[in-house]
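The primary structure of each chain is shown beneath.
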Amino acid sequence: MDMNLFDYMRENKMEKESPLAARLRPATLDEVVGQQHIIGKDKLLYRAIKADKLGSVIFYGPPGTGKTTLARVIANTTSAEFTQINATVAGKKDMEEVVAKAKDTYGMYGKKTILFVDEIHRFNKGQQDYLLPFVEDGTLVLIGATTENPYFEVNSALISRSIVFELKPLDKEDVLTLIHRAVYDEKKGMGAYEAVMDEDAAQFLAEIAGGDARHALNAIELGVLTTQRSEDGKIHITLEVASECIQKRVVRYDKTGDNHYDTVSAFIKSMRGSDPDAAVYYLARMLYAGESVTFISRRIMICAAEDVGLADPNALTVAVSAAQAVERVGMPEARIILSEAVSYVASAPKSNAANNAIAEAYGEVEKSGNLPIPTHLQDAHYKGAAKLGHGVGYLYAHDYEKHYVEQQYLPYELNGKEFYRPTDNGYEKKIKEHMKWLKDKPKKVEMDSDISKE
């Protein structure tokens, strides 16, 4: 592409004055941080970019995970013509011009055109349909970037002609790598400012960024540009500065320290104590500090089983559904799902009877070992079992009123032993009444091998 002196000066100035996050974008694959599940050296995307044989692709992932970065890397490495439009502002005329130029480029030079469409989910069906024939005949190689699920938001015909690559939120270590590069790199970063970042400030920004590198880099740039130099002549990015620049108060929450355990303990005890307000408050503190949603959802499931139990059997279903949902949805929407589950579990009637039952039964097994199982309950199907009398005398419960018949189920040595003692709370009250009816009303039926079933 021809470039005059003024174009060169303008581009050079923009490169120097553009935001830090833009300046730090890598020019080559080897400079890319994170996303090794798709750009590792043994992966398809890495090989396709290196070989300049890339077909149409769609990059899908949260903000700040490198969708535009990968497009820029492709632009720097491909021999094809590269052009970019943003779906939020591009109209039909813009698309027509891109297609016309792509046809000319291919006709005159035999070069393909790669079209990068940022926020492709913003295109309506008509706009997506317009691109389809040119993608299909190879006039355009499409690279789409979207924060929305492309299987819902992008034309299925375009999807079928593209490979979808999902980008994940960056790991904390990846964000830390970019933070140090931003502060100390003199060519692309802020190294010329002689800034120094305290390690606890770097750790805080990496944690609070939530996998969005741009969020941390913007905070660093603001901190370096607005912080006065200290007496040693350097700009010190402290924890206080980092917190102020990212507009988020520092929550003292060391995941391996006492504060972590205190907060989790208060969270669980608030749910157990039926205080949804306190439970949601501690949920917010954990989320605010960057606690793993997977860890939180595990605690909710445990509380639903241990503290709610059969007083509300639906509590565990709600907790498990929430755990599955947050894995699929991710932050920030996951906090709504977690709040729903926490509020439900905290508000539910409570019973630890099932928890006590397994604890007592476990203790009994430890104490008495493998007591003999009553013969009529033993399996009668394996070879020689009948000769040993296994299964003989077993009473088939469904043949009796209320599908219940009294017979010996526990080992005889434990006859009359109770482990599960339902409370009067919630649904467990109905269970208690039902179990009382089973024990009090029916008359004992003598075991009779003639009516037994296996």
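Here, the structure is the one placed above.
Visitor: Could you give an account of the overall build of the protein, with specific residues and numbers?
Guide: On a plain count of helices and strands, the protein comes out with 20 helices and 7 strands. Burial analysis of the protein (454 residues in total) assigns 40% to the buried set. Here the contacts in the protein between residues at least 6 apart in sequence split such that 72% fall between residues at least 24 apart. Split by element, the accessible area of the protein, about 26000 Å² in all, is 51% carbon and sulfur.

Visitor: Any details on the packing of aromatic side chains? Residues and values, ideally.
Guide: Following the criterion strictly, the structure yields 3 aromatic pairs and no others. An angle of 65° between the planes, with centres 5.1 Å apart, marks the rings of Tyr281 and Tyr282 as edge-to-face. A relative accessible area of 22% means that Tyr282 is categorised as partly exposed.

Visitor: Let's hear about the sheet that holds strand β4 (residues 140-146): which residues, and what values?
Guide: Pairing in this open sheet of 5 strands is parallel, and the strands run β2-β3-β4-β1-β5 from one edge to the other. Strands with a single pairing partner mark the edges of an open sheet, and in this sheet they are β2 (81-86) and β5 (163-166). Looking at each pair of strands side by side, their axes are set apart by 15° on average, direction ignored. Note that strand β1 (residues 57-60) and β5 share 4 bridges and pair parallel. Residue pairing in the sheet places Phe59 in a bridge with Phe165 of β5. Packed on one face of the sheet, helix α7 (residues 125-136) meets β3 (113-118) and β4 and runs near 135° to β4.

Visitor: Any details on the nonpolar core? Residues and values, ideally.
Guide: In globular proteins that are soluble, nonpolar side chains generally tend to be buried together. Grouped together as the largest cluster of nonpolar side chains are 34 residues, with contacts concentrated most on Ile179, Met197, Leu205 and Ile220. Of all the elements in the fold, those that place two or more residues in this core are α2 (20-23), α10 (172-184), β6 (195-197), α11 (199-208), α12 (213-226), β7 (235-237) and α13 (239-245). Setting aside its immediate chain neighbours within four residues, Leu205 contacts Ile179, Met197, Ala216, Ala219, Ile220, Ala242 and Ile246. With 27 residues, the next largest nonpolar core counts Ala279, Leu287, Ala334 and Val342 among its residues.

Visitor: Explain helix α20 (residues 428-440) residue by residue, including any values.
Guide: Taking 1.5 Å as the rise per residue, α20 with 13 residues should run 18 Å; its terminal C-alpha atoms sit 18 Å apart, in good agreement. Among the residues making up α20, those that are buried are Glu428, Ile431 and Leu438. Across the axial projection of α20, the buried residues extend over an arc of 75°, all falling on one side. Facing away from the buried side of α20, by more than 90 degrees, are the exposed residues Lys430 and Lys436.

Visitor: Describe the pattern of salt bridges, naming the residues involved and giving the relevant values.
Guide: Taken as a whole, this structure holds 12 salt bridges when the rule is applied. Among the ionic pairs, Glu31 bridges to Lys188, the shortest N-O distance being 3.5 Å. On the criterion of sequence distance, the pair formed by Glu31 in the loop between α2 and α3 (36-39) and Lys188 in the loop between α10 and β6 is long-range, its members being 157 residues apart. On the accessibility criterion, Lys188 (24% relative accessible area) is partly exposed.

Visitor: Go over unusual backbone geometry, please, and point to the residues and values.
Guide: One non-glycine residue, Glu194, lies in positive phi territory at about 55°. Here Glu194 lies in the loop between α10 and β6. Under the relative-accessibility criterion, Glu194 is labelled partly exposed at 45%.

Conventions adopted
- Residues numbered from 1 in each chain as written.
- Predicted model: local features only at pLDDT ≥ 70, side-chain atom pairs only at ≥ 80, totals over all residues.
- Heavy atoms only, no water.
- Helix = DSSP H or I, 4+ residues; strand = E, 2+ residues; numbered from the N terminus.
- Buried < 20%, exposed > 50% of the residue type's maximum accessible area, 1.4 Å probe, protein only.
- Contact = heavy atoms within 4.5 Å.
- Areas by Shrake-Rupley, 256 points an atom, 1.4 Å probe, with all protein chains shown as cover.
- Phe/Tyr/Trp six-rings, centres within 6.5 Å; stacked < 30°, edge-to-face > 60°.
- Pairing = 2+ DSSP bridges.
- Axes fitted to C-alpha atoms, helices over the stretch in contact; angles between N-to-C directions.
- Core = buried A, V, L, I, M, F, W, Y, C linked by side-chain atoms within 4.5 Å.
- Expected span 1.5 Å × (residues − 1).
- Arc of directions from axis to C-beta.
- Salt bridge = Lys/Arg side-chain N within 4 Å of Asp/Glu carboxyl O.

No statement about biological role is implied by the geometric values presented.
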